[in-house]
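Chains, contacts and geometry: an overview
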Amino acid sequence: AQSVTQLDSQVPVFEEAPVELRCNYSSSVSVYLFWYVQYPNQGLQLLLKYLSGSTLVKGINGFEAEFNKSQTSFHLRKPSVHISDTAEYFCAVSLTYNNNDMRFGAGTRLTVKP
Amino acid sequence: DTGVSQNPRHKITKRGQNVTFRCDPISEHNRLYWYRQTLGQGPEFLTYFQNEAQLEKSRLLSDRFSAERPKGSFSTLEIQRTEQGDSAMYLCASSRTTGNTEAFFGQGTRLTVV
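Just so it is clear, the structure is predicted and the values come from calculations on it, not from any experiment.

With that settled, consider the sheet that holds strand S7 (residues 65-68) of chain B. Strand pairs in the sheet, formed through backbone hydrogen bonds, run parallel or antiparallel to each other. Residues and elements named next belong to chain B. Across the sheet, which stays open at both edges, the 4 strands sit in the order S1-S3-S8-S7 with antiparallel pairing between neighbours. Each edge of the sheet is formed by a strand with only one pairing partner; in this case those strands are strand S1 (5-7) and S7. Neighbouring strand axes in the sheet, compared pairwise and without regard to direction, differ in orientation by 15 degrees on average. Summarising the sheet, S1 and strand S3 (residues 19-24) pair through 3 bridges and their orientation is antiparallel. Residue pairing across strands places Ser 5 opposite Asp 24, the latter belonging to S3.

Scanning the model with the defined rule gives 14 aromatic pairs over all chains in all. For the ring pair Phe 63 of chain A and Tyr 89 of chain A, a centre distance of 5.5 Å and an interplane angle of 45 degrees mean the geometry is tilted. Taken together, the positions of Phe 63 of chain A in the loop between strand S7 (56-58) and strand S8 (64-68) and Tyr 89 of chain A in strand S10 (residues 87-94) put the pair 26 residues apart, joining distant regions of the chain. Of the residues examined, Tyr 89 of chain A reaches a relative accessible area of 0% and is grouped as buried. Their ring planes at 40 degrees and their centres at 6.5 Å tell us that Phe 65 of chain B and Tyr 90 of chain B sit as a pair that is tilted. With Phe 65 of chain B in strand S7 and Tyr 90 of chain B in strand S9 (residues 88-95), this residue pair connects regions lying 25 residues apart in the sequence. Neither Phe 65 of chain B nor Tyr 90 of chain B differs from the other in exposure class; each is buried. By way of ring pairs, the aromatic residues Phe 34, Tyr 36 and Phe 104 of chain A together with Tyr 33, Tyr 35, Phe 45, Tyr 48 and Phe 105 of chain B are connected into one cluster. Between the NZ or CZ atom of Lys 113 of chain A and the centre of the ring of Phe 14 of chain A, over which it lies, the distance is 4.8 Å. The side chain of Arg 22 of chain B reaches across the aromatic face of Phe 74 of chain B, ending 3.9 Å from its centre.

Rules used throughout
Residues numbered from 1 in each chain as written. Chains lettered and ligands numbered in written order. Predicted model: local features only at pLDDT ≥ 70, side-chain atom pairs only at ≥ 80, totals over all residues. Heavy atoms only, no water. Pairing = 2+ DSSP bridges. Helix = DSSP H or I, 4+ residues; strand = E, 2+ residues; numbered from the N terminus. Axes fitted to C-alpha atoms, helices over the stretch in contact; angles between N-to-C directions. Phe/Tyr/Trp six-rings, centres within 6.5 Å; stacked < 30°, edge-to-face > 60°. Buried < 20%, exposed > 50% of the residue type's maximum accessible area, 1.4 Å probe, protein only. Lys NZ or Arg CZ within 6 Å of the ring centre and 35° of its normal.

Honestly, that's just the spatial picture; any functional story needs more than this.
See below:
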């Protein structure tokens, strides 16, 4: 079965600094990959997704992620973070373009400090 | 359209009591999903419906849990004889089955069993 490991539970960073949130996945077959953001007391919002094609995926709010098949990674990056980016970020993997087999990582808490 | 709506937002109940949560999906979405999210973890899939049919149930969904979507619109999730281990955030999501199948999440219902 597919699974996801988010390597950092917490990432503190100063405002306007770059950030990378790491995600590694495990699967014996091709996968679809997603990053979601969860603001306090809110549901999950899709940031970006990799289905096929270009390995560099651009999402909302200036985030991007790169699919690396050889390293089974899908790290999320932003060149300059804002205070408003403070949130929980979840990486997810699925085998189908569906949501019932989606497996989420444990999350990375991004805290942007002034 | 205001997105996926979940009620109540918070529920505190005594151990052994029954609780019921409601989810109103986005109106044109025929798929509806329930997830559970415990503290420090990502969401875990519980069950999903396509229209009124419940197509899959996770092993996490014990016999104390039941979900319905009687008219293919709103859904309810009932937990009978609640236990402290049921304390979690219960998330609902909905999606289309064709075209853009992105899942949109509600804000969740936070259950605390005391």
